[in-house]
Amino acid sequence: MLSYIYKLIDQNQGSIPISDFMNAVLYHKKHGYYMNRSPLGKNNDFITAPEISQLFGEIIAVWVMYMWEKLGKPLKFSLVELGPGEGTLIHDIIRVTKKHSNFFRSMAIHLIEISPTLQKIQKGKLKESNINWHVDINDLPEQPTIFLANEFFDALPIDQFVYHNGEWYENRITRRDDGVLFQCLILESRKEKSYVSLLTTQMPNEELFNGAVVEICSAGIEIFKKLEEKIVSNRGAAIVIDYGYVYPTYKSTLQSIRQHRYANFLEDVGDNDITALVNFQALKDALKHIECEILTQREFLYLFGIKERVQTLIKNANDEHKNRIFSEFLRLTENMGTLFKAMLIGS
């Protein structure tokens, strides 16, 4: 992987945008972090809400059925998950909704997954279900569609720009003669793409200060526009759950995780996860034709009945099981509850 990064740097006059670096490190077809392994689980690099507790998938299932009813109970609709990890969320949704026959018969499940390794794991976990796999949103059928995206947008490549003395500088990746990668600031020059004006308008009511960092996830915005296009054309809804912010602090949010600990994203290239907090306001601003609501994960889970579900589960549980359920409930609603946001889009 490093030799590929060096080649990219050399081909681009000595430095590359952070987005190009992330795209290569995470999604290179042969060496990319997500392409040749599963990073999920206690023994790997990180764990997401569906693996923490069945409660999460059960509440998402309640929301999906609620949206299906709001859409008028269509006889056929697509349930689409972006980046479904090991398939745990969809597995739980299937388990919960099987007993609702009219809903279940109307649902066609589509998974958007570009990783051959993760797709293989998903097929193993979901082998008893009728699932359709795709690598692009454009391949989905034209019918009412409900989208799920849990910890998907945080893993998309970002660009970083830093303000200093009236100028914007792009934070880029370069290397020393001995091969060590490091970050460098280069005067922003991509005016043909209106980056400078975009950066300035992101801080309309703020006094710009030296060192202010703005992060732009162009890939995320483009995917979001595709979601909106599908929802507008066919009717539908979407839920995006991720760690992120509505009001930025203008600091770098780039982070790297290895075996559940923070790491230097420029070291062990290809072996560490790299993510950034999701700018939910930027996603909201990308919507042109449909409304959305942004809640904390805690608010969303409470709204759709997690407290009542916990009370049901612990009724006949032994003390050990009760403690585990309650611990998982607190992790979802308190530990992750405010940092993680839930964006509800559409009908």
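Before any of the text, the structure's been laid out above.
Just so it is clear, the model here is predicted, and its values are computed rather than measured. (Residues numbered from 1 in each chain as written. Predicted model: local features only at pLDDT ≥ 70, side-chain atom pairs only at ≥ 80, totals over all residues. Heavy atoms only, no water.)

1. Re the overall build of the chain
Counting its secondary structure elements, the chain contains 13 helices and 16 strands. Here the chain has a C-alpha radius of gyration of 21 Å; the compact-globule value for 347 residues is 20 Å, and the two agree. The principal-axis extents of the C-alpha atoms in the chain amount to approximately 60 × 45 × 35 Å. Across the 347 residues that make up the chain, the buried fraction comes to 54%. Pairs at least 24 apart in sequence give 76% of the contacts found in the chain among residues at least 6 apart. Carbon and sulfur atoms provide 48% of the accessible area of the chain, an area that totals close to 17100 Å². Of the charged side chains in the chain, 39 are positive and 43 negative; the average position of the first set lies 7 Å away from that of the second. (Helix = DSSP H or I, 4+ residues; strand = E, 2+ residues; numbered from the N terminus. Rg over C-alpha atoms; globule rule 2.2 N^0.38 Å. Buried < 20%, exposed > 50% of the residue type's maximum accessible area, 1.4 Å probe, protein only. Contact = heavy atoms within 4.5 Å. Areas by Shrake-Rupley, 256 points an atom, 1.4 Å probe, with all protein chains shown as cover. Lys, Arg positive; Asp, Glu negative; His and termini not counted. Charge placed at Lys NZ, Arg CZ, Asp CG, Glu CD.)

2. Concerning the packing of aromatic side chains
Following the criterion strictly, the structure yields 14 aromatic pairs and no others. With centroids separated by 5.5 Å and ring planes inclined at 65°, the aromatic side chains of Tyr66 and Phe304 adopt a geometry described as edge-to-face. Of this pair, Tyr66 sits in helix α4 (residues 54–70) while Phe304 sits in the loop between α11 (297–303) and α12 (306–314), placing them 238 residues apart in sequence. By relative accessible area, which is 38% here, Tyr66 ends up partly exposed. Residue Phe304 is classed as buried on the basis of its relative accessible area, which comes to 14%. On the numbers, 5.8 Å between centres and 75° between planes, the contact of Phe153 with Phe224 is edge-to-face. Of this pair, Phe153 sits in the loop between β5 (145–150) and β6 (159–164) while Phe224 is found in helix α9 (residues 218–234), placing the two residues 71 residues apart along the sequence. Looking at Phe153, the relative accessible area reads 4%, which means it is buried. Judged by its relative accessible area of 2%, Phe224 falls in the buried class. By the ring-pair criterion, three or more aromatic residues cluster together here, those being Tyr27, Tyr33 and Tyr34. Here Arg175 stacks its cationic end above the ring of Tyr6, 4.3 Å away from the centre of that ring. (Phe/Tyr/Trp six-rings, centres within 6.5 Å; stacked < 30°, edge-to-face > 60°. Lys NZ or Arg CZ within 6 Å of the ring centre and 35° of its normal.)

3. Comments concerning the environment of Glu170
By the element assignment, Glu170 lies in strand β7 (residues 167–175). In this structure, the C-alpha to C-alpha distance between Glu170 and Ile5, residues 165 residues apart in sequence, is 18 Å.

4. A look at α9
The terminal C-alpha atoms of α9, which comprises 17 residues, lie 25 Å apart, in line with the 24 Å expected from a rise of 1.5 Å per residue. Taken residue by residue, α9 has Gly220, Ile223, Phe224, Leu227, Glu228, Lys230, Ile231 and Asn234 as its buried positions. Down the axis of α9, the buried side of the element spans an arc of 160°, and every buried residue falls inside it. For α9, exposure combined with an orientation more than 90 degrees from the buried face picks out Glu229 and Ser233. For α9, the elements touching its buried residues are β2 (77–82), β5, β10 (236–245), α10 (280–286) and β16 (340–346). Within two residues after α9, Arg235 carries a phi angle of roughly 70°, on the positive side. (Expected span 1.5 Å × (residues − 1). Arc of directions from axis to C-beta.)

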